[in-house]
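Here are the chains, one letter per residue:
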Protein chains: 4
Amino acid sequence: MGIEIASTVKDPERIRERREQIIQASVELFTQKGFHKTTTREIARASGLSNGALYEYVKSKEDVLYLVCRHIHQEIHERLADSLSSHERAVERLRHAVASFLSVIRDMEDEVLLIYQESKSLPHHYLREVLQNEQAITDIFVQLLQDGLQDKSIQLSAEDIPLVAHDVIVLGQLWAFRRWALRDMEFSEFVSQQTEMILRACRP
Amino acid sequence: MGIEIASTVKDPERIRERREQIIQASVELFTQKGFHKTTTREIARASGLSNGALYEYVKSKEDVLYLVCRHIHQEIHERLADSLSSHERAVERLRHAVASFLSVIRDMEDEVLLIYQESKSLPHHYLREVLQNEQAITDIFVQLLQDGLQDKSIQLSAEDIPLVAHDVIVLGQLWAFRRWALRDMEFSEFVSQQTEMILRACRP
Amino acid sequence: MGIEIASTVKDPERIRERREQIIQASVELFTQKGFHKTTTREIARASGLSNGALYEYVKSKEDVLYLVCRHIHQEIHERLADSLSSHERAVERLRHAVASFLSVIRDMEDEVLLIYQESKSLPHHYLREVLQNEQAITDIFVQLLQDGLQDKSIQLSAEDIPLVAHDVIVLGQLWAFRRWALRDMEFSEFVSQQTEMILRACRP
Amino acid sequence: MGIEIASTVKDPERIRERREQIIQASVELFTQKGFHKTTTREIARASGLSNGALYEYVKSKEDVLYLVCRHIHQEIHERLADSLSSHERAVERLRHAVASFLSVIRDMEDEVLLIYQESKSLPHHYLREVLQNEQAITDIFVQLLQDGLQDKSIQLSAEDIPLVAHDVIVLGQLWAFRRWALRDMEFSEFVSQQTEMILRACRP
DNA sequence: AATGAATGAGTATTCATTCAT
DNA sequence: AATGAATGAATACTCATTCAT
């Protein structure tokens, strides 16, 4: 899944493990210092690898950024997908999904910000992939909205759905990238307001 | 207004002109290549200045970034403020303000993105200032919402207003930073959907 | 006296005045920060001149250093020459000269150090001149020693005189360039010890 | 011994070797062109290292200067200490030490000058160390003079000893930093005169 | 597979000097 | 005579990447 990254190492399991280390270390570093101000030496050291070993699992610093972005998206996607409820009415499933999504955003504030701020440094082919992953998350809400259309628990014209789905995403991400403006707000308050905002869009 | 940036040049008019050149050139460069990948040489050359002259108007590369961010915010703020209508009912003034804001975002897509992606590279004291400017823009909508509360054309609990104002901002900026997902959408379509979304939040 | 330094300014009196300012400012700056770490801008500013005006009275930064070195030597030479006493016996005149010389060194510690540490940065033709000035000061002691030979108040073989004169100089300058080692020593103590050292060399 | 200088290289033996190269090259360069006019590129190239490799063995240009000064002092100290004779009477040991010291100064003219002229460019903590090393050399003579006091072969009041020791040093260094004035003098002549001067100070 | 030393291109910034006004 | 803006060469230091061992 995603773009294959070349490695000089044969054992796939070892590759998996080492890249796991690299990703853990890099998320930490990138969120703290930013991609450009993090050196590959720092990445190697924090990953428990030597300078040279790093380049056996990755061909460039940009590869690391891609791995990190992909990993973050995977985690968000997975957590969101896992939380999907099985209420009968789609609108209820949506309400739950929004709540879950907001929780994920809260837990992964720094990571969400990281993707927004650093993904522009990705080579084009990686960026495309990353945007697809972002879309895949959005599509979860697209699906829920379509379900709602079907079961009539949501009132929207079909062509409005894509944008509404994006709206859901950014209304959630707001918690991450306007955090500086929301210092005093309780997360629960945020959840109820944003949920209300979104659900209003789904009523006639 | 804003943080004073030292210059070795005495003539204030000349400083204004040259910094104007620097800003124009840098917006272009930063939006195309990003702040880190742009060199000061490129900035100087594109500004029509020599390497040395650049540093007579600015003390560091970060100064340039701050000037750029401030400039962008000023332009957005000004255009938005100028467009405020004088309808009797606040809700109408809000509707117009949203429309204007979205136009501004459309015109300044790259600049909006620039601030989101590069402002993290600012030294702390500059960043604070930049965030204040972002807040100042948000406050325009805070004011409109409060007006609406007053004249009863908007129904919201007072404590919800700040977040709604931020919602307005990100629902607008969405056009800029999720542009890749909206390739097929007409701007007018975007405007009407987002306006609807926002106004729904203001009704009982 | 000394090497003529070109100037684009005609009025010799004005040149004298301005260079006086330049020298005063530069002695201060060079002793504090060293020649290399002092910029011509600083020199100009501290001299009360504009950047450009500085270069009307001097052709290069090295010119300034030369002016400074010459000025220091002139002052030392003058103060030493002025203090020469008229005792009948040369050995007494020598004793007084040594005392005067040590006073001058004490008063001009920083300047003496400056010449030792920075004169190597002078272009060759200036350096030669500066060394001649240093020699001229030494020659005052050469003369006194020769006088002593003549009047028999000093016992030395004639060929030893030049080196003894240099010894006098460095035994005096020691106060300046090993100051860090003499923190606890009274100047008067220094004077009496060094005088004794020198006079012993002049006895049979 | 001395201040530890950080290196990114692990193998201590390699560090020793490379720094040796760096020191050799830098003594040459610094004595010829001075510290400020020598570039780090020149240092690297003359050391047989790449630009980057230089900075694996040293963190700054000032580090190189410190290494050079320390090396010079070490060599002087070692050669002087090694030459100490075992004559019964301290005054004889002193005479020999002076002769050895003067030989060392002659062999290391440029290096002695280098320390005098460039050590002011050292960061404070390095300068302190360098002055301590200079003092350590002086202390060898302090010790000899004290021995002489003990065995009565030298007549001095105890409190005069420190300054006399410094006198010995500068009377020796004179050969290095007033070389321009001593072009015609035989070194042997210099030795006998300075030795005589010093020994006279030690007699009643 | 791993190490870590080596490479060298790249970059922000400074500053002596010039020159149009 | 004076100003001060402009120039552009120069330079210490960094860091992604390679490669011998």
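These numbers were taken from a predicted model, which means no experiment stands behind them.

Definitions and cut-offs
- Residues numbered from 1 in each chain as written.
- Chains lettered and ligands numbered in written order.
- Predicted model: local features only at pLDDT ≥ 70, side-chain atom pairs only at ≥ 80, totals over all residues.
- Heavy atoms only, no water.
- Helix = DSSP H or I, 4+ residues; strand = E, 2+ residues; numbered from the N terminus.
- Buried < 20%, exposed > 50% of the residue type's maximum accessible area, 1.4 Å probe, protein only.
- Contact = heavy atoms within 4.5 Å.
- Areas by Shrake-Rupley, 256 points an atom, 1.4 Å probe, with all protein chains shown as cover.
- Lys, Arg positive; Asp, Glu negative; His and termini not counted.
- Charge placed at Lys NZ, Arg CZ, Asp CG, Glu CD.
- Least-squares fit on C-alpha atoms with pLDDT ≥ 70 in both.
- Near = heavy atom within 4 Å.
- Polar contact = N/O pair within 3.5 Å; in protein donor to acceptor, adjacent residues only side chain to side chain.
- Nonpolar A, V, L, I, M, F, W, Y, C, P; charged D, E, K, R; others polar.
- Expected span 1.5 Å × (residues − 1).
- Axes fitted to C-alpha atoms, helices over the stretch in contact; angles between N-to-C directions.
- Parallel < 35°, antiparallel > 145°, perpendicular 65-115°, else oblique.
- UniProt positions renumbered as here; feature names shortened; annotations may be inferred.
- Phe/Tyr/Trp six-rings, centres within 6.5 Å; stacked < 30°, edge-to-face > 60°.
- Lys NZ or Arg CZ within 6 Å of the ring centre and 35° of its normal.
- Buried area = accessible area lost by both parts, 1.4 Å probe.
- Salt bridge = Lys/Arg side-chain N within 4 Å of Asp/Glu carboxyl O.

Enquirer: Where do I start with the overall build of chain A in this structure?
Expert: Counting secondary structure elements, chain A contains nine helices and zero strands. Along the chain direction, N to C, the helices and strands of chain A fall in the order α-α-α-α-α-α-α-α-α. If you line up chain A on its principal axes, its C-alpha atoms span 60 × 40 × 25 Å. The 204 residues of chain A split such that 52% are buried. In chain A, of all internal contacts separated by at least 6 residues, the share reaching a separation of at least 24 is 70%. A total accessible area of about 9,500 Å² is found for chain A, and carbon and sulfur atoms account for 47% of it. Distance from the positive charge centre (25 side chains) to the negative charge centre (32 side chains) of chain A: 5 Å.

Enquirer: Just to check I follow, could you spell out the relation of the copies chain B and chain A for this structure?
Expert: For the pair chain B and chain A, the superposition axis carries a translation of 0.0 Å, the fit reaches an RMSD of 0.2 Å, and the rotation angle comes to 179°. Given the turn and translation reported, the copies of this chain are related as if by a two-fold rotation axis. Among all C-alpha atoms of chain B, that of Gln117 of chain B lies closest to the rotation axis, at 2.2 Å.

Enquirer: Help me understand the protein's contact with DNA strand F, please; the structure alone is not making it clear to me.
Expert: Surrounding DNA strand F, one finds 40 residues, the nearest of these being Arg14, Arg18 and Tyr57 of chain B together with Lys10 and Tyr57 of chain C. Protein-proximal atoms of DNA strand F, defined as those within 4 Å of the protein, fall in sugar or phosphate at a share of 63%. In the environment of DNA strand F, a base nitrogen lies 3.3 Å from a nitrogen or oxygen atom belonging to the side chain of Arg41 of chain A. Gly52 of chain C has a polar backbone atom sitting 3.1 Å from a base nitrogen of DNA strand F. Contributions of two or more residues to the surface near DNA strand F are made by helix H2 (40-47) of chain A, helix H1 (12-33) and helix H3 (51-57) of chain B, helix H1 (12-33) and helix H3 (51-57) of chain C together with helix H2 (40-47) and helix H3 (51-57) of chain D. In the surface near DNA strand F, the residues fall into eight nonpolar, 16 polar and 16 charged.

Enquirer: Looking at this structure, I do not really get the protein's contact with DNA strand E. What am I missing?
Expert: Lys10 and Tyr57 of chain A together with Arg14, Arg18 and Tyr57 of chain D are the nearest of the 40 residues found near DNA strand E. Sugar plus phosphate: this is where 62% of the atoms of DNA strand E within 4 Å of the protein reside. Contact between DNA strand E and Ser50 of chain A: a phosphate oxygen at 3.3 Å from a side-chain N or O atom of the residue. In the model, a base nitrogen of DNA strand E is placed 3.1 Å from a nitrogen or oxygen of the Gly52 of chain D main chain. Counting only elements with at least two residues in the surface near DNA strand E, the list comes to helix H1 (12-33) and helix H3 (51-57) of chain A, helix H2 (40-47) and H3 of chain B, helix H2 (40-47) of chain C together with helix H1 (12-33) and H3 of chain D. For the surface near DNA strand E, the per-class residue count stands at eight nonpolar, 16 polar and 16 charged.

Enquirer: Got a minute to help me understand unusual backbone geometry in this structure?
Expert: For residues besides glycine, phi is generally negative; the peptide bonds are generally trans as well. Phi is positive for Lys152 of chain A, which is not a glycine, with a value near 65°. Under the relative-accessibility criterion, Lys152 of chain A is labelled exposed at 63%.

Enquirer: Just to check I follow, could you spell out H1 of chain A for this structure?
Expert: Side chains three or four residues apart in an α-helix point the same way, a direct result of the helix having 3.6 residues per turn. All names here are of chain A. For H1, with 22 residues, the first-to-last C-alpha span of 30 Å sits near the 32 Å given by 1.5 Å per residue. Here H1 has its buried residues at Ile15, Arg19, Ile22, Ile23, Ala25, Ser26, Val27, Leu29 and Phe30. Buried positions along H1 lie against H2, H3, helix H4 (61-83) and helix H6 (109-118). The opening residue of H1 is Asp11, an N-cap whose side-chain oxygen sits 2.9 Å from the backbone nitrogen of Glu13. Positive backbone phi, approximately 85°, marks Gly34, located one or two places after H1.

Enquirer: What is the right way to look at the packing of H1 of chain A against H4 of chain A in this model?
Expert: Helix-helix packing: each pair is described by the crossing angle between the helix axes and the interaxial distance. All names here are of chain A. Where H1 contacts H4, the two axes come as close as 9 Å, and the packing angle between them is 90°. One way to sum up the angle between H1 and H4 is to call them roughly perpendicular. Here H1 contributes Arg19, Ile22, Ile23, Gln24, Ser26, Val27 and Phe30 to the contact with H4, which in turn contributes Val64, Leu65, Leu67, Val68 and His71. Across the contact of H1 with H4, the residue classes break down as eight nonpolar, three polar and one charged.

Enquirer: Any chance you could explain the arrangement of the chains here in plain terms?
Expert: There is a gap between chain A and chain C: no contact, and a shortest C-alpha distance of 30 Å. Taking C-alpha atoms as the reference, chain B and chain D come no closer than 21 Å and do not contact one another.

Enquirer: What is the right way to look at the UniProt feature "domain: HTH tetR-type" (unreviewed entry) in chain A in this model?
Expert: UniProt tags residues 16-76 of chain A as "domain: HTH tetR-type" (unreviewed entry). Taken end to end, residues 16-76 of chain A has its terminal C-alpha atoms 20 Å apart, with 80% of it in helix and 0% in strand.

Enquirer: Help me understand the UniProt feature "DNA-binding region" (unreviewed entry) in chain A in this model?
Expert: Per the UniProt record, "DNA-binding region" (unreviewed entry) is found at residues 39-58 of chain A. End-to-end, the C-alpha atoms of residues 39-58 of chain A are 14 Å apart, and along that stretch the chain is 75% helix and 0% strand.

Enquirer: Help me understand the packing of aromatic side chains, please; the structure alone is not making it clear to me.
Expert: A full pass over the atoms with the stated rule returns 34 aromatic pairs over all chains. Ring centres of Trp175 of chain A and Phe190 of chain A lie 4.9 Å apart, and the angle between their planes is 45°; this geometry places the pair in the tilted category. Of the two residues, Trp175 of chain A sits in helix H8 (residues 161-177) while Phe190 of chain A sits in helix H9 (residues 187-200), which places them 15 residues apart along the sequence. Phe190 of chain A carries the same exposure label as Trp175 of chain A, and that label is buried. Both rings, one in Trp175 of chain D and one in Phe187 of chain D, keep their centres 5.2 Å apart while their planes meet at 70°; by these two values the pair is edge-to-face. Within this pair, whereas Trp175 of chain D is found in helix H8 (residues 161-177), its partner Phe187 of chain D is found in helix H9 (residues 187-200), the two being separated by 12 residues in sequence. Residue Trp175 of chain D shares its accessibility class with Phe187 of chain D, and that shared class is buried. When the ring centre of Trp175 of chain B is taken as origin, the NZ or CZ atom of Arg179 of chain B, which lies over that ring, is 4.0 Å away. Above the plane of the ring of Phe35 of chain C lies Lys61 of chain C, whose end atom (NZ or CZ) is 4.6 Å from the centre.

Enquirer: Just to check I follow, could you spell out the environment of Phe187 of chain D for this structure?
Expert: Residues and elements named next belong to chain D. Judged by relative accessible area, which is 13%, Phe187 ranks as buried. A sequence separation of 89 residues divides Phe187 from Val98, and the C-alpha atoms of the two residues are 13 Å apart. Setting aside residues up to four positions removed in sequence, Phe187 forms contacts with Leu102, Ser103, Arg106 and Trp175.

Enquirer: Looking at this structure, I do not really get the interface of chain B and chain A. What am I missing?
Expert: One frequently used descriptor of interface size is the decrease in accessible area upon assembly of the parts. Listed per partner, the contact involves 40 residues of chain B and 40 residues of chain A. With both sides pooled, the region where chain B packs onto chain A buries about 3,400 Å², and carbon together with sulfur makes up 61% of that total. Counting the surface chain B buries against chain A, the share from its top three residues, Leu163, Arg178 and Arg200 of chain B, is 20%. Of the charged contacts in the structure, one is a salt bridge between Glu118 of chain B and Lys120 of chain A, with a shortest N-O distance of 3.6 Å. On inspection of chain B and its partner chain A, the count reaches 16 residue pairs in polar contact (both at pLDDT 80 or more). If you list the elements that add at least two residues to the side of chain B that touches chain A, you get helix H6 (109-118), helix H7 (124-151), helix H8 (161-177) and helix H9 (187-200) of chain B. If you tally residues by element for the side of chain B that touches chain A, the top one is H8 of chain B, at 10 residues. Here the side of chain B that touches chain A is composed, by residue class, of 19 nonpolar, 10 polar and 11 charged.

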